[in-house]
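An overview of the molecular structure
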Amino acid sequence: MLTVAQQFVNLAERLITNVFTLTINVNGTVYDMLQNGPADYCGNILSVTDNNNNEITFCNPGALGQNSRSWWVDRGTKILSWSMVGKTLLVVVPSVTASTITARYTTLTPTITSASNMTVPDDTTEHVARLTELICRIKTRQFTDFEAKVKSLEADMRLVDAMSDTGGKAD
Amino acid sequence: MDATVVSYVTELSNGEADTTNVLPGIYEDVLGQINIPPILVTTQALSPNGDYSVSLPEGSISGLFYFISNTGFHYYQQLGELSVREADWLLPTWRNISSPQNGQTVYSFVRESRNQRDIFPVPASSANIYALFTYVPSVANNLPSYAPTDTLPAWLQMPVALLCLGEEYARESNHQNMAMSKACTMLGQLMLKAVLK
């Protein structure tokens, strides 16, 4: 339960991130992160850069068709934007021959085997403990002040503020 | 059905939840509900029906984007969307139109039911149609061909297990417990917020 709690605190606060490189497919612009992404992909891509390390602009998925109705298979000479359809499909338009992209993502934190194995920063371990306590309270059927504890944790986990960290780019 | 979700449900319910007969239905229901803001999305080629409409496969929840590659087009283009009323107003005979009219270059689809779309104008029989849609991973061994896997990503397992427990304890049974149901749902929604944020 500690492992699960740490994963969700990390996801909520975007604490530990990693990068992966993806080779651009010239025949399409859509990549399934569950198949093409890294094994520790945790549902959130924060930013994408091209092979010259230039930032690629985030695009709302609904706007993809406004730029080009053939965005699914568009080819070009420079990658212009990226988007996420749901949490599993990464879209990079247009496709460019012999190119790669680098994406930054929130990682799935490893299994906790000892206290020294916790990977989130010390100032958030309290959140991990509180979330673990809530899960354990489900198992032991202790619901006194449960709602207040959930709301308090939600506020403290900065779920509301995380967007400001990226200027809303990845949200 | 995801084995880790089943083990979470069994563990947190202390074995009370019926994971054989009841949980599969609840699991599908929960995944259908949480996938309304799209989370699990995949893509698949669709075969036109006899009336040139296309249907999303079983297990799909909602179509997000449709693409067509038709005779005369060298690339796939995204279909625009029309309501039935808009299509009727635009051209009352729209169901019989088989080629773009008056310089129209964009194909559209008309939403007539949750999973069925009529393509307008009617495409050639050789047209290729693809859809991006949200889906529920299989609950049994009849895994649809489009589903990458019947397991859920690790970042969805606990929220789904908690939301399943919320429904399990809300239904009429010898272990019905509304306080437990409310707590599970509340905690499941909190964890789901972390995923959706």
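These remarks concern the structure in this document. (Residues numbered from 1 in each chain as written. Chains lettered and ligands numbered in written order. Predicted model: local features only at pLDDT ≥ 70, side-chain atom pairs only at ≥ 80, totals over all residues. Heavy atoms only, no water.)

**Remarks on the overall build of chain A**
A tally of helices and strands in chain A yields six helices and seven strands. In sequence order, the secondary structure elements of chain A are arranged as α-β-β-α-β-β-α-β-β-β-α-α-α. Its C-alpha atoms give chain A principal-axis dimensions of about 60 × 30 × 25 Å. Taking all 171 residues of chain A together, 52% fall into the buried category. Sequence-distant contacts in chain A: of pairs separated by 6 or more residues, those separated by 24 or more amount to 69%. Surface summary for chain A: the accessible area is close to 7,600 Å², and the carbon and sulfur share equals 49%. Separation between the mean location of the 14 positive side-chain charges and that of the 17 negative ones in chain A comes to 5 Å. (Helix = DSSP H or I, 4+ residues; strand = E, 2+ residues; numbered from the N terminus. Buried < 20%, exposed > 50% of the residue type's maximum accessible area, 1.4 Å probe, protein only. Contact = heavy atoms within 4.5 Å. Areas by Shrake-Rupley, 256 points an atom, 1.4 Å probe, with all protein chains shown as cover. Lys, Arg positive; Asp, Glu negative; His and termini not counted. Charge placed at Lys NZ, Arg CZ, Asp CG, Glu CD.)

**What about the sheet that holds strand β7 (residues 100-107) of chain A?**
Residues and elements named next belong to chain A. Taken in spatial order, the three strands line up as β1-β7-β3 in an open sheet, and their pairing is antiparallel. This sheet does not close on itself; its edge strands, each paired only once, are β1 (17-23) and β3 (41-50). The mean angle between the axes of side-by-side strands here comes to 30°, regardless of whether they run parallel or antiparallel. As paired strands, β1 and β7 are joined by seven bridges and run antiparallel to one another. Note that in β7 the partner of F20 across the bridge is A103. (Pairing = 2+ DSSP bridges. Axes fitted to C-alpha atoms, helices over the stretch in contact; angles between N-to-C directions.)

**Observations regarding the interface of chain A and chain B**
Where the parts come together, the accessible area they lose is often given as the size of the interface. Counting residues at the interface gives 44 residues for chain A, matched by 47 residues for chain B. Summing the contributions of chain A and of chain B, the shared interface buries around 4,100 Å²; its carbon and sulfur component is 73%. Here chain A is connected to chain B by four salt bridges. We note a salt bridge from K182 of chain B to E147 of chain A, for which the minimum N-O separation is 3.3 Å. Contributions of two or more residues to the side of chain A that touches chain B are made by α1 (2-13), α2 (33-36), β3, α4 (125-140), α5 (146-156) and α6 (162-165) of chain A. (Buried area = accessible area lost by both parts, 1.4 Å probe. Salt bridge = Lys/Arg side-chain N within 4 Å of Asp/Glu carboxyl O.)

**Notes on the pattern of salt bridges**
Within this structure, the stated rule accounts for 11 salt bridges over all chains. The residue E133 of chain A makes a salt bridge to K149 of chain A at a minimum N-O spacing of 3.8 Å. Here E133 of chain A, found in helix α4, pairs with K149 of chain A, found in helix α5; they are 16 residues apart in sequence, far enough to count as distant. The class of E133 of chain A is partly exposed, set by a relative accessible area of 34%. Here R171 of chain B ties to E168 of chain B by a salt bridge, and the two come within 3.0 Å at their closest N and O atoms. A relative accessible area of 25% places R171 of chain B in the partly exposed class. The class for E168 of chain B is buried, based on a relative accessible area of 1%.

**Notes on helix α4 (residues 154-170) of chain B**
Between its first and last C-alpha atoms α4 of chain B spans 25 Å; for 17 residues at 1.5 Å apiece the expected length is 24 Å, and the two agree. Of all 17 residues in α4 of chain B, 14 are buried; the element is thus mostly enclosed. (Expected span 1.5 Å × (residues − 1).)

**Some words on the packing of aromatic side chains**
One pass over the structure, following the stated rule, counts 12 aromatic pairs over all chains. Their ring planes at 70° and their centres at 5.6 Å tell us that F20 of chain A and Y105 of chain A sit as a pair that is edge-to-face. Taken together, the positions of F20 of chain A in strand β1 and Y105 of chain A in strand β7 put the pair 85 residues apart, joining distant regions of the chain. For the pair shown, F20 of chain A and Y105 of chain A are each scored as buried. Between the aromatic rings of F58 of chain A and W82 of chain A, the centroid separation amounts to 4.8 Å while the plane-to-plane angle is 70°, which identifies the pairing as edge-to-face. In this pair, F58 of chain A sits in strand β4 (residues 57-58) while W82 of chain A sits in strand β5 (residues 81-85), placing the two residues 24 residues apart along the sequence. Overall, F58 of chain A belongs to the partly exposed group, its relative accessible area being 23%. Following the ring pairs from residue to residue traces out a cluster consisting of W71 and W72 of chain A together with F65, F67, Y76 and Y130 of chain B. (Phe/Tyr/Trp six-rings, centres within 6.5 Å; stacked < 30°, edge-to-face > 60°.)

**Some words on the environment of G25 of chain B**
Residue and element names in this part refer to chain B. Note that G25 resides in helix α2 (residues 23-34). G25 sits in the partly exposed class, given a relative accessible area of 42%. As a C-alpha pair, G25 and C164 span 139 residues in sequence and 9.6 Å in three-dimensional space.

**Considerations on the sheet that holds β5 of chain A**
Strand order across the open sheet formed by four strands is β2-β6-β5-β4 (chain A), with mixed pairing between neighbours. The open sheet is flanked by β2 (30-32) and β4 of chain A, the only strands paired with a single partner.

**Remarks on the state of the cysteines**
Evaluation of the coordinates by the stated rule reveals zero disulfides over all chains. In this structure C184 of chain B is a free cysteine whose sulfur lies 10 Å from that of C164 of chain B, the closest cysteine sulfur available. (Disulfide = S-S within 2.5 Å.)

**A closer look at the side chain of T107 of chain A**
Residue and element names in this part refer to chain A. Residue position: T107 is located in strand β7. T107 gets classed as buried once you look at its relative accessible area, which sits at 6%. Among all residues touching T107, those that are not within four sequence positions of it are N10, I16, T17, N18, D40 and C42.

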